[in-house]
Each structure stands twice: as C-alpha cells, then as structure tokens.
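So the chains spell out like this:
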Amino acid sequence: MRDGFRFAILAATASVWAVAAAGQQKAEKPVNPARLELMAEVAATTEDGYPAALRVTVKNVGNVAVDMPMPKFPCVPGGGGVDMRFEWHPNDPEDHTGALNTGSGCWEEHFANLMDRVHRDWIRLQPGDFITVSESFRGRFQNLKPGTVEYWVEYVPPEVKTEELIELQRSGYVIPTERIETVHQTFTVH
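A brief report on the enclosed structure follows. (Residues numbered from 1 in each chain as written. Predicted model: local features only at pLDDT ≥ 70, side-chain atom pairs only at ≥ 80, totals over all residues. Heavy atoms only, no water.)

### Brief notes about the overall build of the protein
Within the protein, the regular secondary structure consists of three helices and nine strands. Mapped in sequence order, the helices and strands of the protein form the string α-β-β-β-β-α-β-β-β-α-β-β. Burial status across the protein gives 36% buried among its 190 residues. Counting contacts in the protein only where the partners sit at least 6 residues apart, residues at least 24 apart contribute 75% of the total. For the protein, the accessible surface area stands at approximately 12400 Å², while carbon and sulfur atoms represent 52% of it. (Helix = DSSP H or I, 4+ residues; strand = E, 2+ residues; numbered from the N terminus. Buried < 20%, exposed > 50% of the residue type's maximum accessible area, 1.4 Å probe, protein only. Contact = heavy atoms within 4.5 Å. Areas by Shrake-Rupley, 256 points an atom, 1.4 Å probe, with all protein chains shown as cover.)

Here you go:
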C-alpha cells in the first residue's frame, strides 16, 4: 500500500513538472521560405595577381519565388544588397596599424513606401533563378604592407518592419529576412 502511495505521489509530481515545462516553451518564429545562396569568385586580377574584381551571384535555392531589391554595391538604401567585407592581417606581428575598411553604407533622406518600392524596383527570383553583380576590388588594396587579406561577401536582407512584412506576405510576396555570407577567402600581399 505504501509503495502504491509513493508511486502515486511520484506520478503526480512528474505530471506537474511536465505541465510547467510545457507552459514555459516559447512559440517558435515562423520559418521564412526564402532560401538564397551567395557565391563570390574572382572575375579579374591585377598585374600582380591580386583580385581586381569580384563576381557575386545570389541564387534562389528554395522552392518558392523570392522578391528582393537588386543586389548592389556599395550603397543600398533600406538594405537588400551585397557588401564586400575584408580584413588585412600584417606579416609583421609588431604592426598594429589595424584592419582595412570592412564595409560600406549610404544615406538617403527619404525612401518611397516599401510596397511602392517592391512594385517599382524589386526583382523576383523564381526557384533556380539567379542574379550576378560585379564589383571592383582593385583600389582597396593599394599601398598595403606585406600580409594576408581575408575577404568575403555578405547579403544583407532588406530592412522590413514586421507590419510591412505581414502586408507583403498577404500580397503574395516572399521577402528574404536572413543575412548570409560567402566562404572567407584569402590572398597574400607581397
């Protein structure tokens, strides 16, 4: 009888803990069906063999059409573009002059309404579609001391408020919301 009572107490305690744990679980954020892949490759080199231009490809690898601004360098008002990132690491361990400029940006006084920009300026990538942009890389590495340059490209999603995202989704648009980046690559400066 005593064992039965202990078992009943243990079972009741376990069920209280299970209910408490279930009540503390957070509602998961809905998964965005936009799936993009980002690739960067050297499109041209300098006479010294350093990268002179990068070719960047944004590809829809998902199974739904994705709506996005044209990916642009270096200034993309409202997000939705590609951004070259790089760091210089000197060969001399005593050289603490710092890294290269690692990003870009811009300022625009007034943006059109987001829905208007989507209708007027944005593109739609169907599953399997891609867009390629190129950017000069050459002038960023002049006058560097010997060392290694590490570089990569990031895709920055458009800046969209939650209310705007809901309105766009109701209108049939799928907007990328996640930042992605390419594999980091390096080259040596002599």
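### Considering the pattern of salt bridges
Enumeration over the complete set of coordinates arrives at seven salt bridges. Residue Asp95 is joined to Lys145 by a salt bridge in which the shortest nitrogen-to-oxygen separation is 3.8 Å. With Asp95 in the loop between β4 (79-90) and α2 (114-121) and Lys145 in the loop between β6 (130-136) and β7 (147-158), this residue pair connects regions lying 50 residues apart in the sequence. The exposure class of Lys145 is partly exposed, given its relative accessible area of 47%. (Salt bridge = Lys/Arg side-chain N within 4 Å of Asp/Glu carboxyl O.)

### So, the sheet that holds β6
The sheet built from three strands is open, its strands ordered β1-β2-β6 with antiparallel pairing. Of all the strands in the sheet, just β1 (36-45) and β6 have a single pairing partner and so form its edges. The sheet shows a mean angle of 20 degrees between the axes of neighbouring strands, taken without regard to direction. Pairing analysis gives seven bridges linking strand β2 (residues 51-60) to β6, with the strands arranged antiparallel. Counterpart to Arg55 in the pairing with β6 is Ser134. (Pairing = 2+ DSSP bridges. Axes fitted to C-alpha atoms, helices over the stretch in contact; angles between N-to-C directions.)

### Here's the deal with the nonpolar core
In this structure, Val82, Phe137, Val149, Val153 and Phe187 are the most contacted members of the largest nonpolar core, which totals 28 residues. Elements with a contribution of two residues or more to this core: β1, β2, β3 (66-68), β4, β5 (123-125), β6, β7 and β9 (185-189). Ranked by size, the runner-up nonpolar core spans eight residues in total, among them Leu114, Met115, Tyr173 and Ile175. (Core = buried A, V, L, I, M, F, W, Y, C linked by side-chain atoms within 4.5 Å.)

### Focus: the environment of Val189
Looking at the element boundaries, Val189 is found in strand β9. Residue Val189 is classed as buried on the basis of its relative accessible area of 4%. Sequence separation between Val189 and Thr148 is 41 residues, and the spatial gap between their C-alpha atoms is 5.9 Å. Ignoring any residue separated from it by four or fewer positions in sequence, one finds Val189 in contact with Tyr50, Leu144, Lys145, Pro146, Gly147 and Val149.

### Looking at α2
Turn by turn, an α-helix covers 3.6 residues, leaving residues three or four places apart pointing in a common direction. For α2, the complete set of buried residues consists of Leu114, Met115, Arg117 and Val118. One face of α2 carries all of its buried residues, which in axial projection span an arc of 160 degrees. In α2, the exposed residues that point more than 90 degrees away from the buried face are His119 and Arg120. Those residues of α2 that are buried lie in contact with α3 (162-170). (Arc of directions from axis to C-beta.)

### Quick notes on the packing of aromatic side chains
For the structure shown, the criterion picks out four aromatic pairs. Seen in terms of ring centroids, Phe86 and Phe137 are 6.1 Å apart; in terms of plane orientation they differ by 90 degrees. Their pairing is edge-to-face. One end of the pair, Phe86, is in strand β4; the other, Phe137, is in the loop between β6 and β7, with 51 residues separating them in the sequence. Residue Phe86 is classed as buried on the basis of its relative accessible area, which comes to 3%. The exposure class assigned to Phe137 is buried, which follows from its relative accessible area of 1%. (Phe/Tyr/Trp six-rings, centres within 6.5 Å; stacked < 30°, edge-to-face > 60°.)

### Some words on the pairing of β7
Counting buried residues in β7 gives ten out of twelve residues, a clear majority hidden from the surface. Bridge count between β7 and β9: five bridges; the pairing is antiparallel. Looking at the pairing, Tyr151 lines up with Gln185 of β9. Bridge analysis of β7 against strand β8 (residues 180-181) gives two bridges, and the strand direction is antiparallel. Considered in β8, the bridge of Tyr155 is made with Ile180.

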